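Commentary on secondary and tertiary structure
Read off the chains here:
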Amino acid sequence: MELRDEYQKLVHVMMNTPRVAIDNAVSPTATVVKVNSARKRGMLLEAVQVLTDLDLSIQKGYISSDGCWFMDVFHVTDESGHKLLDPALLSRIERTLGGETLLATDGADCQDGSGLAGLTAMELTGTDRPGLLSEVFAVLRDLECNVVEAKVWTHNTRIASLIFVKDLHSGSPIEDGQRVHRIESRLRHVLRGDHDVRSAKTTVSSPTLTHSDRRLHQLMFADRDYERVSSTGYQASSSSSQSKPSVSVQNCEERGYSVVNVQCCDRPKLLFDVVCTITDMDYVVFHGTLGVDADRAYQEFYIRHIDGGPISSEAERLRVIQCVQAGIERRASEISAQIKQGVWLALSMPDRRGLLAEVTRIFRENGLSVRRAEITTRDGEAKNEFCVTDTGGQPPDCCAIHSVIEKIGEEHLTLNEQKAPWSCARQPPAAEAVGAFNLGNLVKRNLYYLGLVRSCS
């Protein structure tokens, strides 16, 4: 009996532990990574997530699933487009794809909840508007919450954010029920603003093990950001038809699959965003091919719903198209096709109380609106990146950019042109006082924080 039990355990481990093979000889331009294992839901997404988190570019891929077994083949390069030759990196890929959990200190930032122990997680969704992020960080400062990590996405007039905080004084997670309720209430009040077309949502809890980017996709999907909703407040400009992702869905009747075809500009993490969207809509990818030609990405997936059937109605087909398009646009932002209209600003300086509230206030007072934000604190040092446009979603003026850099300090705030090259093309009229002190805004803001008026940004 004991021998039989040990044999069954061995078979179980062999069947459920992915086998990983890395080959640098097959392709002259890329490293080939093969993963095969017993098929389980989400296995493809897990593999793509590992490669994406290591900042690898997937140039080509084949996905195949027969019965209870699957095999994925990826042709990957580093960020410079070269094959992977670093033995430590190759070992990390093999171990992580093989199911070994690695610590964040093993070489890359940890994007799931395992690296956020001892923090409190806040999930926010609502209607985006200029200055909103500044108000959120100001409220957290007033409530004595120290922001350690944060990610912010905007799409189709909606905003979703993951913010990880700890108590300013004790450094402990925030667990007192009354305080949690007060934080949720204040943040919900800020998110509603004066022109909220849908309900704002705030949740304060312990961090989950869900990958942060996947969680942002889930929040926006639940908020139905894929629906084109007009707003009486700030309205994002629509993507041009030329730059908009092309997504089509057809049924393959003889095989019982639905076929999803995607064509769009290639960019980092594109495959992750598409597969994440399909997976979280409760579809399973059985077969697929993907490739890149110049700067265009081509992806084809044969999918079924988790109940085993293909897409069964025209409404469902259109919803899949909408959601996949939204999944592609979220990371780049609908404000412009690849956020080329935005300017990425990198902030590096010692962390202190109210730093984010101060920085985002300076952005707002200089007519800049934050479209994306990635906020990290390590060993008392703030390492933050912001993508900003003007309040209309257009490229910001040079004077505004130079003004915020001057106010925050050239040694702390710099342009990150690797993410989005930017030229100082648009100059404001000479009479425009970009970044000028505005007494009216200051008075309104102080009244708001005293609770005497509602949000007016």
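Residues numbered from 1 in each chain as written. Predicted model: local features only at pLDDT ≥ 70, side-chain atom pairs only at ≥ 80, totals over all residues. Heavy atoms only, no water.

**Here's the deal with the overall build of the protein chain**
How we decide: A run of H or I in DSSP becomes a helix once it reaches four residues, and a run of E becomes a strand once it reaches two; helices and strands are each numbered from the N terminus. For the exposure calls, accessible area comes from a 1.4 Å probe over protein chains only, and a residue counts as buried if that area is under 20% of its type's maximum, exposed if over 50%, partly exposed in between. A contact between two residues is defined here by any heavy atoms of the two lying within 4.5 Å. Note on areas: Shrake-Rupley, 1.4 Å probe, and residue coverage restricted to the protein chains presented here.
Along the backbone of the protein chain there are eleven helices and 16 strands. Looking at the 457 residues of the protein chain, the share that counts as buried comes to 49%. In the protein chain, 73% of the contacts between residues at least 6 apart in sequence involve partners at least 24 apart. Carbon and sulfur atoms provide 51% of the accessible area of the protein chain, an area that totals close to 21700 Å².

**Overview of the sheet that holds strand β14 (residues 368-378)**
Spelled out, the test is: Note on pairing: two strands pair once DSSP finds at least 2 bridges between them. Every angle, taken between N-to-C directions, lies between 0 and 180 degrees, and every axis is a line fitted to C-alpha atoms, over only the stretch in contact when it is a helix.
Overall, antiparallel pairing links the eight strands, which are arranged β8-β5-β7-β6-β14-β15-β13-β16 in an open sheet. The outermost strands of the open sheet, each flanked by one partner alone, are β8 (201-205) and β16 (413-415). For this sheet the average axis-to-axis angle between neighbouring strands, irrespective of direction, equals 20°. In the sheet, strand β5 (residues 120-127) pairs with β8 via five bridges, with the strands oriented antiparallel. Opposite A121, over in β8, you have S205 as the bridge partner. Together, β5, β6 (145-155) and β7 (158-167) form the strand contacts of helix α6 (residues 212-222), whose direction differs from that of β7 by roughly 130°. Its contacts with the sheet place helix α10 (residues 398-408) against β13 (343-350), β14, β15 (381-390) and β16, and it is angled at close to 150° to β16.

**Comments concerning the environment of S248**
By the element assignment, S248 lies in strand β9 (residues 246-252). By relative accessible area, S248 is classed as partly exposed at 32%. The sequence separation of S248 and R317 amounts to 69 residues, and the corresponding C-alpha distance is 8.7 Å. When sequence neighbours within four positions are dropped, the list of residues in contact with S248 reads V259, V260, N261 and I321.

**Some words on the packing of helix α2 (residues 43-53) against helix α3 (residues 87-97)**
Any two packed helices are characterised by how steeply their axes cross, that is the angle between the axes, and by the distance between the axes. Cut-off, in case you're wondering: By the definition adopted for this analysis, an angle is roughly parallel if under 35 degrees, roughly antiparallel if over 145, roughly perpendicular if from 65 to 115, and oblique otherwise. In this scheme the crossing of two helices becomes right-handed for a clockwise turn of the near helix relative to the far one and left-handed for an anticlockwise turn of less than a right angle. Classification convention: Asp, Glu, Lys, Arg as charged; Ala, Val, Leu, Ile, Met, Phe, Trp, Tyr, Cys, Pro as nonpolar; all other residues, Gly among them, as polar.
Following both chains from N to C, one finds α2 and α3 inclined at 155°, their axes separated by 10 Å at the closest point. On the basis of their axis angle, the class for α2 and α3 is roughly antiparallel. Crossing of α2 against α3: the hand is right-handed. Mapping the contact onto sequence places A47, V50 and L51 in α2 and I93, T96 and L97 in α3. Across the contact of α2 with α3, the residue classes tally to five nonpolar, one polar and no charged.

**Describing the pattern of salt bridges**
The condition is simple: The working definition used for a salt bridge is a side-chain nitrogen of Lys or Arg within 4 Å of a carboxyl oxygen of Asp or Glu.
For the structure on display, the rule yields 21 salt bridges. For D273, the salt bridge identified is with R267, shortest N-O distance 2.8 Å. Neither D273 nor R267 differs from the other in exposure class; each is buried. The partner of E314 in a salt bridge is R317, with the nearest N and O atoms 2.8 Å apart. Highlighted residues: E314 and R317, both in helix α8 (residues 314-332), separated by three residues, approximately one helical turn. Of the residues examined, R317 reaches a relative accessible area of 24% and is grouped as partly exposed. Taken together, the salt bridges that share partners define one network made up of K151, D213, R267, K269, D273 and R331.

**Observations regarding unusual backbone geometry**
With a phi angle near 55°, N156 is a residue other than glycine that sits in the positive phi range. Within the secondary structure, N156 is located in the loop between β6 and β7. Even without being a glycine, T157 presents a positive backbone phi close to 70°. As for its position among the elements, T157 is in the loop between β6 and β7. Take T157: its relative accessible area is 4%, and that puts it in the buried class.

**Describing the sheet that holds strand β10 (residues 257-265)**
Ordered in space as β1-β2-β4-β3-β11-β12-β10-β9, the eight strands form an open sheet in which the pairing is antiparallel. One side of each edge strand has no neighbouring strand; the edge strands of this open sheet are β1 (19-23) and β9. Sheet twist, expressed as the mean angle between neighbouring strand axes with direction ignored, is 15°. The sheet contact formed by strand β2 (residues 31-38) and strand β4 (residues 69-77) spans eight bridges and is antiparallel. Paired with V33 across the bridge in β4 is F74. Across the sheet, α2 lies against β3 (57-66), β4 and β11 (283-293), angled at about 20° from β4, the strand it touches most. Its contacts with the sheet place α3 against β1 and β2, and it is angled at close to 160° to β1.

**Digging into the packing of aromatic side chains**
The description of an aromatic ring pair rests on the distance of the ring centres and on the angle between the ring planes. Using the following cut-off: Here a Phe, Tyr or Trp ring, Trp counted by its six-membered ring, pairs with any other such ring whose centre lies within 6.5 Å, and the pair is stacked when the planes are under 30 degrees apart, edge-to-face when over 60, and tilted otherwise.
The full count for this structure, using the stated rule, is four aromatic pairs. Note on F363 and F386: the rings are 5.3 Å apart at their centroids and 80° apart in plane angle, and the pair reads as edge-to-face. Here the residue F363 occupies a position in helix α9 (residues 355-365), and F386 occupies one in strand β15, the gap between them amounting to 23 residues. The same class applies to F363 as to F386, namely buried.

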